[in-house]
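Commentary on secondary and tertiary structure
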Amino acid sequence: MIRVALSLMAASLALAVALPGIAMPGSSDAARFADAADAREALEAARQQQRNARARAERLERQSVRSEATAEKAQADAAALAARVQQSEAAITAAEAELALVEGQRLALDRQLARKREPLMRLTAALQTMARRPLALAALQPGSLEDVVHTRAALASAMPVVRERTRALRGDLDRARALEKSRADTLGSLRSAQANLTSRRKELVALAEKERVLARRAAGGASREAERALVLSEEARDLDALVGELELAGALRVRLAALPGPVLRPEEGKVAAPQPVAVPSPDSTEAPSRYLLPVAGRVVAGFGEASVAGSRTSGIAIAPRPRAQIVSPGAGRVAFAGPYRGFGSIVIVEHGNGWTSLVTGLGNVAVEVGQQVTAGSPLGQAPLRRPEIALELRREGEPVNPLDHLR
């Protein structure tokens, strides 16, 4: 009976002692999350962002196939690839959150096994001492035979408890093996997503540059407009003033484009044919038909929240991954792209109908002034250190909550 108990406990203890020595190279990823609830929330959000990015990429890829114009096709291709980049980024975040959850469960299980291991080891040592004591020797010692009888009776009643404890310990060890397998699978998914991200980023850089070249050829006065935008950025007293000046310039450009063309002088002796008069149509006030967040991440500041200085925020702020892909929230025309004091690199997109988006905090910019973009076109990347991307949506200069217009 003693040997049966020893064999049960020795096997379980051998596995329990071996478990804490397993290396956890992914534990640094767990530090990104405050606790298990934070990791679960991040996992759910990342999976949703992954699904959204995949759906957007598939829609843009179908649009690219249908496009006949070279510029439109290049625009759709770049936006689709940017969506694939964001899909890979979300997959990495999801894998890191899963690793954090597995690591938390493994540490909790390790502490539980440590509590169980000590009393089991003491009981194993006592059983080993008794097993080495021959029964014949016990009979020669006064009172020892009675002790042996009592001991064996106690062991007979204790065996169910020993079996139950070893059974629970084996169940914990099976759970530990399942956690290790889950962790290995998640690490494989993480490495695959990282490889996809690296490859897609390289493709996107080349494709975005191709789109910029096409846009530069299509826009004859883009360089002059870029110079004017730069002058405005240097003269504007703050970011609000810059956006206001650009909106005025954009409205003037629209009015000039709506003017009728020059009328040819009639030949001598002939009367000029009457020119059709353009009937002005009422201005539309609709928001962009498709509007999305420029980057995947956690919203750290909401619209209208009180800032440290006491003023109300005129947009939202998102904390993304370092070097995360930033895309245009809606279709339109780039009115400004470049650094602006105190805001890192910024991009201002005119959507038409008096709507303007302002994206700040970029680490680098991949578009030029005058370039036409669609919802999801690549604008640049987030910085490497402590990235925070702000988004403002304005209607005729007045800030509105961009979250109300996501579609």
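Residues numbered from 1 in each chain as written. Predicted model: local features only at pLDDT ≥ 70, side-chain atom pairs only at ≥ 80, totals over all residues. Heavy atoms only, no water.

1. Brief notes about the overall build of the protein
Across its full length, the protein holds eight helices and 11 strands. Put simply, 75% of the contacts in the protein that link residues at least 6 apart link residues at least 24 apart. Looking at the protein as shown, the accessible area adds up to about 22900 Å², and 56% of this sits on carbon and sulfur atoms. (Helix = DSSP H or I, 4+ residues; strand = E, 2+ residues; numbered from the N terminus. Contact = heavy atoms within 4.5 Å. Areas by Shrake-Rupley, 256 points an atom, 1.4 Å probe, with all protein chains shown as cover.)

2. Some words on the pairing of strand S2 (residues 316-320)
For S2, the buried fraction is high: four of the five residues fall into the buried class. Pairing between strand S1 (residues 297-301) and S2: four bridges, direction antiparallel. Following the sheet pairing, Val299 is matched in S2 by Ile318. As paired strands, S2 and strand S10 (residues 389-395) are joined by three bridges and run antiparallel to one another. Within S10, the residue paired with Ala317 across the bridge is Ala390. (Buried < 20%, exposed > 50% of the residue type's maximum accessible area, 1.4 Å probe, protein only. Pairing = 2+ DSSP bridges.)

3. What to know about the packing of aromatic side chains
Following the criterion strictly, the structure yields one aromatic pair and no others. With a centroid separation of 6.1 Å and 40° between ring planes, the pair formed by Tyr340 and Phe343 is classed as tilted. Residue classification places Phe343 among the partly exposed positions, given a relative accessible area of 35%. (Phe/Tyr/Trp six-rings, centres within 6.5 Å; stacked < 30°, edge-to-face > 60°.)

4. What to know about the sheet that holds strand S7 (residues 364-365)
Reading across the sheet, the three strands line up as S3-S9-S7 and stay open at both edges, with antiparallel pairing between neighbours. A single partner strand is all that each edge strand has here, and the edge strands are strand S3 (325-327) and S7. Where S7 lies against strand S9 (residues 378-381), two bridges are found, and the strand directions are antiparallel. What sits directly across from Val365, in S9, is Gly380.

5. Thoughts on the nonpolar core
Of all hydrophobic cores here, the largest spans 20 residues; its most connected members are Ile326, Val347 and Val359. At the level of secondary structure, the elements contributing two or more residues to this core comprise S2, strand S5 (345-352), strand S6 (355-362) and S10. Discounting chain neighbours no more than four positions away, the residues touching Ile326 are Pro294, Val295, Val359, Leu362, Ser377, Pro378, Leu379, Gly380, Gln381, Ala382 and Ile389. With 15 residues, the next largest nonpolar core counts Ala82, Leu190, Leu204 and Ala375 among its residues. (Core = buried A, V, L, I, M, F, W, Y, C linked by side-chain atoms within 4.5 Å.)

6. Some thoughts on the pattern of salt bridges
When their charged atoms lie close together, side chains carrying opposite charge are able to pair. Evaluation of the coordinates by the stated rule reveals eight salt bridges. Among the ionic pairs, Arg84 bridges to Glu61, the shortest N-O distance being 3.1 Å. Separated by 23 residues along the polypeptide, Arg84 in helix H4 (residues 70-131) and Glu61 in helix H3 (residues 36-66) bring together distant segments of the chain. Judged by relative accessible area, which is 16%, Arg84 ranks as buried. In this structure Glu61 comes out as partly exposed when scored by relative accessible area, which is 32%. (Salt bridge = Lys/Arg side-chain N within 4 Å of Asp/Glu carboxyl O.)

7. Examining the environment of Leu406
Relative to the helices and strands, Leu406 resides in the segment after strand S11 (398-400). On the accessibility criterion, Leu406 (34% relative accessible area) is partly exposed. Sequence spacing of Leu406 and Arg290 is 116 residues, and the spatial spacing of their C-alpha atoms is 7.3 Å. Not counting chain neighbours up to four residues away, the residues in contact with Leu406 comprise Tyr291, Leu292 and Leu293.

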